[in-house]
Amino acid sequence: MATSPKKSPYSHRHLLGIEGLSVQEISYLLEKSDEYVGQNRRADKKNDTLHGRTIINLFFEDSTRTRTSFELAGKRLSADVINMSVGSSSVNKGETLIDTASTLNAMHPDVLVVRAGLSGAVQLLAEKVNCAVINAGDGSHEHPTQALLDALTIQRRRGKLQGLKIAICGDILHSRVARSNIYLLVTMGAQVRLVAPMTLLPSGAENWGVEVFHDMKAGLKNCDIVMMLRLQNERMQGNYFPSIREYFHFFGLDYEKLSVAKPDALIMHPGPANRGVEIDSEVADDYSRSVIREQVEMGVAVRMACLDILSHNLQREMQEAAK
Ligand code: NCD
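A. Highlighting the nonpolar core. With 62 residues, the main nonpolar core has Leu148, Ile168, Leu184 and Leu185 as its most contacted residues. Beyond its immediate sequence surroundings of up to four residues, Ile168 is in contact with Ala178, Asn181, Ile182, Leu185, Val192, Arg193, Leu194, Val195, Met227 and Leu229.

B. Main features of the packing of helix H5 (residues 144–158) against helix H6 (residues 176–187). One can describe the packing of H5 onto H6 by two numbers: an axis separation of 8 Å at closest approach and a directional angle of 55 degrees. Relative to H6, the element H5 lies oblique. For H5 against H6, the interelement crossing comes out right-handed. Together, Pro144, Gln146, Ala147, Leu148, Asp150, Ala151 and Ile154 of H5 and Val177, Ser180, Asn181, Leu184 and Leu185 of H6 make up the contact between the two elements.

C. Structural detail: the pattern of salt bridges. Scanning the entire structure with this criterion turns up 16 salt bridges. Through salt bridges that share partners, Glu61, Arg176, Arg230, Glu234 and Arg235 make up one connected network.

D. Representation of the environment of Tyr28 within the structure. Within the element layout of this structure, Tyr28 appears in helix H1 (residues 23–41). Here Tyr28 falls in the buried class, since its relative accessible area comes to 18%. A C-alpha to C-alpha distance of 6.7 Å links Tyr28 and Pro9, two positions 19 residues apart in sequence.

E. A look at the sheet that holds strand S4 (residues 132–138). The four strands are arranged S2-S1-S3-S4 in an open sheet whose pairing can be described as parallel. One side of each edge strand has no neighbouring strand; the edge strands of this open sheet are strand S2 (80–85) and S4. Neighbour-to-neighbour, the strand axes of this sheet turn through a mean angle of 15 degrees, independent of strand direction. Packed on one face of the sheet, helix H11 (residues 292–322) meets strand S1 (54–59), strand S3 (111–116) and S4 and runs near 145 degrees to S4.

F. The packing of H1 against H5, seen in detail. Between H1 and H5, the least distance of the axes is 10 Å, while the angle of their chain directions is 75 degrees. In this view, H1 runs roughly perpendicular relative to H5, as classed from their interaxial angle. Contacts from Ile26, Leu29, Leu30, Ser33, Asp34, Val37 and Arg41 of H1 reach H5 at Leu148, Ala151, Leu152, Gln155 and Arg156. Broken down by class, the residue content of the contact of H1 with H5 amounts to seven nonpolar, two polar and three charged.

G. The arrangement of the site of the ligand in detail. Lining the immediate environment of the ligand, one finds Arg65, Thr66, Arg115, His143, Gln146, Arg176, Val177, Arg230, Gln232, Pro270, Gly271 and Pro272. The separation between an oxygen atom of the ligand and a polar side-chain atom of Arg230 is 2.7 Å. Here an oxygen atom of the ligand sits 2.7 Å away from a polar atom, N or O, in the side chain of Gln232. Coverage of the ligand by the protein amounts to 93% of the 310 Å² it exposes when considered alone. Listed by contribution, the elements that provide at least two residues to the shell around the ligand are helix H2 (65–76) and H6. For the shell around the ligand, the per-class residue count stands at three nonpolar, five polar and four charged.

H. Here's a closer look at the environment of Lys32. Turning to its location among the elements, Lys32 is positioned in helix H1. Judged by its relative accessible area of 19%, Lys32 falls in the buried class. Spatially, the C-alpha atom of Lys32 lies 41 Å from that of Ile244, the residues being 212 residues apart in sequence. The residues contacting Lys32, other than those within four sequence positions of it, are Ala305, Asp308 and Ile309.

Calculation rules
Residues numbered from 1 in each chain as written. Predicted model: local features only at pLDDT ≥ 70, side-chain atom pairs only at ≥ 80, totals over all residues. Heavy atoms only, no water. Core = buried A, V, L, I, M, F, W, Y, C linked by side-chain atoms within 4.5 Å. Buried < 20%, exposed > 50% of the residue type's maximum accessible area, 1.4 Å probe, protein only. Contact = heavy atoms within 4.5 Å. Axes fitted to C-alpha atoms, helices over the stretch in contact; angles between N-to-C directions. Helix = DSSP H or I, 4+ residues; strand = E, 2+ residues; numbered from the N terminus. Parallel < 35°, antiparallel > 145°, perpendicular 65-115°, else oblique. Left-handed = near helix turned anticlockwise from the far one by under 90°. Salt bridge = Lys/Arg side-chain N within 4 Å of Asp/Glu carboxyl O. Pairing = 2+ DSSP bridges. Nonpolar A, V, L, I, M, F, W, Y, C, P; charged D, E, K, R; others polar. Near = heavy atom within 4 Å. Polar contact = N/O pair within 3.5 Å; in protein donor to acceptor, adjacent residues only side chain to side chain. Areas by Shrake-Rupley, 256 points an atom, 1.4 Å probe, with all protein chains shown as cover.

In structure tokens, the structure reads:
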């Protein structure tokens, strides 16, 4: 009889968000991810951990980095990976999402990686399938693997997360990256600051265990990490700021505003970056400070770890159910 894979410190079937995860769970996901960084730097980048498993990338919203890195992650673990991009015109219909999910479910995938435009849609879908589900971004709700890759990038550069002063700047209101990062960094003991115009901050943000600023220089003072966010124009209805020019003037990261952060403060951005809107082009390309490329590299390792852990959890669940 096959022996069950050992119970892992992350024992959930899905990864739908960072909210509610414990320090131990987050640390375990980061440890596992760190192990994959080495494998990805070798000439032979493949192992057969997920040989015979099927992963479906189901994207109802555009993506370059996230989709590619999930695909690469699955392939490096020897899984069969299928990509499905669903036209954005049908995205907003609940039935379409559930229909697609149950069709795919009938094909016995092991993991569904899902990106959807509606907050909560990935959770809904997870309730309708038998496989593991990873949230690759749902509306402005959560993007857990992005927060994990950001944390891994910081941890490898600074050796810790606890106690670091981390400023998350820009369109917090519409950003799933911000939400997942706030949950993760606050749980791990970082001092999180949010810097944004009043119009781009959700009400009640000051109750999230963070400090809130409306002025970049005040918010960036003595920071270890400056994380910039893209203006999520596709999620905006109405005007949130007078003009791009004015937004850049007050909230765009340039050397002048950066000068108040720690001299070795790292600059991060989940991408895609809008140069001249939330970040000055020169600053984004200053690789003595910017770790944007490293974030992309860590993304593959994090996604490998998540696919590995969830596939093995599912296998254990199935073996236990068969007993
Ligand atoms: C982010 C996303 O899709 O939420 N991008 C990403 O996953 N690399 C951030 C963004 O689109 O601004």
